[in-house]
Amino acid sequence: MALMKVGDDVAAEHVARLLRTADDVRAREVSAWLLCSLGDGKPSIIDALLQSVEDTSESMDVRGQAIEALGSQRTMAPTLRERVLGILVELLEHPAAELRFWACFALGAFRHRPALPALRRVAQEDERVNPGWWYVSEEALDAIAQIESREYPDRIPVHQRGRAAS
């Protein structure tokens, strides 16, 4: 939390290094989470996040958090942005619901209009739930709404929906 308050490039570099080298999975997940607020498009930060996303031996929690952090990086070089967006669109077809869910989120955050056809397909076809969250199809609908500058609902996690009605 203190690193987020400092928010400088040195702190971001240290956190990115932790993301790639920490032995503890929770430390790597927290590092990816911190990068949601640090780094702002710096190539070394984006590379660290992409390495985590593409590392098939990495936990789904870390990979998902890294995708979320990618969606928060606003000022990256155009070629790097295109690379990130291409990977995010590809992730919409990944077998893991967690990665598809966070790819929807990040594409919505980027307001990436070329992803609309793929997001619409996910919204119509994907019936899986991202554990602890909601349906991937719902996240795709939210991303579509964000890209189209429309309102979208505050979602209730699937596991809490029965309790919310009572």
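For the structure itself, look to the data block above.
Here the structure is a predicted model, which means the values were calculated and not measured. (Residues numbered from 1 in each chain as written. Predicted model: local features only at pLDDT ≥ 70, side-chain atom pairs only at ≥ 80, totals over all residues. Heavy atoms only, no water.)

Quick look at the overall build of the chain now. The secondary structure content of the chain amounts to ten helices and zero strands. Ordered by position from N to C terminus, the α and β elements of the chain give α-α-α-α-α-α-α-α-α-α. Computed over the C-alpha atoms, the radius of gyration of the chain is 16 Å, within 12% of the 15 Å expected from 2.2 N^0.38 for a compact globule of 166 residues. Dimensions of the chain along its principal axes, counting C-alpha atoms only, are 45 × 35 × 30 Å. Evaluated residue by residue, the chain yields a buried proportion of 47% over its 166 residues. Here the contacts in the chain between residues at least 6 apart in sequence split such that 62% fall between residues at least 24 apart. For the chain, the exposed area adds up to about 8,600 Å²; of that, 53% sits on carbon and sulfur atoms. When the 20 positive and 26 negative side-chain charges of the chain are each reduced to one mean point, those points stand 2 Å apart. (Helix = DSSP H or I, 4+ residues; strand = E, 2+ residues; numbered from the N terminus. Rg over C-alpha atoms; globule rule 2.2 N^0.38 Å. Buried < 20%, exposed > 50% of the residue type's maximum accessible area, 1.4 Å probe, protein only. Contact = heavy atoms within 4.5 Å. Areas by Shrake-Rupley, 256 points an atom, 1.4 Å probe, with all protein chains shown as cover. Lys, Arg positive; Asp, Glu negative; His and termini not counted. Charge placed at Lys NZ, Arg CZ, Asp CG, Glu CD.)

Running from N to C, helix 8 (residues 116–125) and helix 9 (residues 136–147) cross one another at 145 degrees; their axes reach a closest spacing of 8 Å. Where helix 8 crosses over helix 9, the two elements pack in a sense that is left-handed. Along the contact surface, helix 8 presents Leu116, Leu119, Arg120, Val122 and Ala123, while helix 9 presents Val136, Ser137, Ala140, Leu141, Ala143, Ile144 and Ile147. Here the residues of the contact of helix 8 with helix 9 sort into ten nonpolar, one polar and one charged. (Axes fitted to C-alpha atoms, helices over the stretch in contact; angles between N-to-C directions. Left-handed = near helix turned anticlockwise from the far one by under 90°. Nonpolar A, V, L, I, M, F, W, Y, C, P; charged D, E, K, R; others polar.)

Taking 1.5 Å as the rise per residue, helix 5 (residues 60–71) with twelve residues should run 16 Å; its terminal C-alpha atoms sit 17 Å apart, in good agreement. Extensive coverage of helix 5 is indicated by the burial of ten of its twelve residues. The secondary structure elements touched by the buried residues of helix 5 are helix 2 (9–21), helix 3 (25–34), helix 4 (43–54), helix 6 (78–91) and helix 7 (97–110). (Expected span 1.5 Å × (residues − 1).)

A separate point is the pattern of salt bridges. Within the structure shown, the criterion is met by twelve salt bridges. The salt bridge partner of glutamate 29 is arginine 26, with a shortest N-O separation of 3.4 Å. Of this pair, glutamate 29 and arginine 26 both sit in helix 3, three residues apart, which is roughly one turn of the helix. Arginine 100 is paired through a salt bridge with aspartate 126; the nearest N and O atoms lie 2.5 Å apart. Taken together, the residues span a long stretch of sequence, with arginine 100 in helix 7 and aspartate 126 in the loop between helix 8 and helix 9 at a distance of 26 residues. Summarising the burial analysis for this pair, arginine 100 and aspartate 126 share the class buried. What you see here is one network of salt bridges that share partners, running through Glu138, Asp142, Arg155 and Arg161. (Salt bridge = Lys/Arg side-chain N within 4 Å of Asp/Glu carboxyl O.)

This brings us to the nonpolar core. Counting 49 residues, the largest nonpolar core has Leu35, Leu88 and Leu119 as its most contacted members. For this core, the elements supplying multiple residues, two or more each, are helix 2, helix 3, helix 4, helix 5, helix 6, helix 7, helix 8 and helix 9. Ranked by the residues each element gives to this core, the list is headed by helix 7, at nine residues. When residues no more than four places from it in sequence are discounted, the contact partners of leucine 88 are Ile67, Ala103, Ala106, Leu107 and Phe110. (Core = buried A, V, L, I, M, F, W, Y, C linked by side-chain atoms within 4.5 Å.)

On to the side chain of aspartate 126. Relative accessible area serves as the criterion here: at 11%, aspartate 126 is assigned to the buried category. There is a polar contact of 2.5 Å between the side chain of aspartate 126 and the side chain of arginine 100. In this view, aspartate 126 contacts Arg100, Arg121, Val136 and Ser137; residues no more than four positions away in its chain are not counted. (Polar contact = N/O pair within 3.5 Å; in protein donor to acceptor, adjacent residues only side chain to side chain.)

Next up on the list: the packing of aromatic side chains. Evaluated as defined, the whole model comprises six aromatic pairs. Each ring, one from phenylalanine 101 and one from tryptophan 134, has its centre 5.9 Å from the other, and the planes form 55 degrees; the classification is tilted. With a gap of 33 residues between them, phenylalanine 101 in helix 7 and tryptophan 134 in the loop between helix 8 and helix 9 connect regions that are remote in the sequence. Note on phenylalanine 101: relative accessible area 1%, which makes it buried. Arranged with centres 5.3 Å apart and planes meeting at 85 degrees, the rings of tryptophan 133 and tryptophan 134 form a pair that is edge-to-face. (Phe/Tyr/Trp six-rings, centres within 6.5 Å; stacked < 30°, edge-to-face > 60°.)

For glutamate 58, the position within the fold is in the loop between helix 4 and helix 5. A polar contact of 2.9 Å, which involves the side chain of glutamate 58, links it to the side chain of arginine 28. The contact partners of glutamate 58, leaving out residues within four places of it in the chain, are Arg20, Val25, Arg28, Ser52 and Arg63.

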